[in-house]
Amino acid sequence: MGADVVQLILAGIFLLFLFYLVGSLLLKPLRWVFKIIINSFFGLLLLWAFNFFGAHFNFFIPLNWLTVLIAGFLGLPGLLLLIFLRLVLGP
């Protein structure tokens with residue numbers, strides 16, 4: 001009877017470890033997607049604020065998924081990169 005209890009405890013520990021492993025494998029991509037969404041939102045806000053002030057100088061950066069992702073991932077350096085590209089490549 002003592003060996004059955006030990007096997008039951010070990011099986012429970014193994015099952016908890018398995019649940020932890022599967023849960024971490026499933027949640028990691030979900031955290032990555034959530035981080036992309038949050039960074040894209042801040043990139044959109046950054047571009048919107050720049051375009052708000054740039055409209056006074058007739059200078060804007062189009063809002064599309066690529067510019068939002070660049071500004072979201074890179075932040076202020078990404079915005080500077082977009083401004084530089086807009087100046088070099090023109091309208």
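None of the values given here were measured: they were computed from a predicted structure. (Residues numbered from 1 in each chain as written. Predicted model: local features only at pLDDT ≥ 70, side-chain atom pairs only at ≥ 80, totals over all residues. Heavy atoms only, no water.)

1. Digging into a nonpolar patch on the surface
Keep this limit in mind: Put simply, a patch holds well-exposed residues, over 30% relative accessible area, that have no salt bridge, with like charges counted together within 9 Å and Val, Leu, Ile, Met, Phe, Trp or Tyr side chains within 5 Å. Note that accessible areas follow from Shrake-Rupley with a 1.4 Å probe, and for residues the cover is restricted to the protein chains shown. Any Lys or Arg side-chain nitrogen located within 4 Å of an Asp or Glu carboxyl oxygen qualifies as a salt bridge. Runs of H or I in DSSP of at least four residues are treated as helices and runs of E of at least two as strands, each being numbered from the N terminus. Partly exposed residues are those whose accessible area sits between 20% and 50% of the maximum for their type, while under 20% is buried and over 50% is exposed, using a 1.4 Å probe and protein chains only.
Among the surface-exposed residues, Phe 14, Leu 15, Leu 16, Phe 17, Leu 18, Phe 19, Tyr 20, Leu 21, Val 22, Leu 25 and Leu 26 lie close enough to one another that they form a single nonpolar patch of about 1,200 Å² accessible area. Assignment of secondary structure puts Phe 17 in helix α1 (residues 2–54). Judged by relative accessible area, Phe 17 falls into the partly exposed class, the value being 47%.

2. What about the environment of Val 6?
When you line up the elements, Val 6 lands in helix α1. Once the C-alpha coordinates of Val 6 and Ile 83 are considered, the two residues, 77 residues apart in sequence, prove to be 66 Å apart.

3. Thoughts on the environment of Gly 78
Structurally, the position occupied by Gly 78 is in helix α3 (residues 76–89). With a relative accessible area of 0%, Gly 78 lands in the buried category. Along the sequence, Gly 78 and Tyr 20 sit 58 residues apart, while their C-alpha atoms lie 37 Å from each other.

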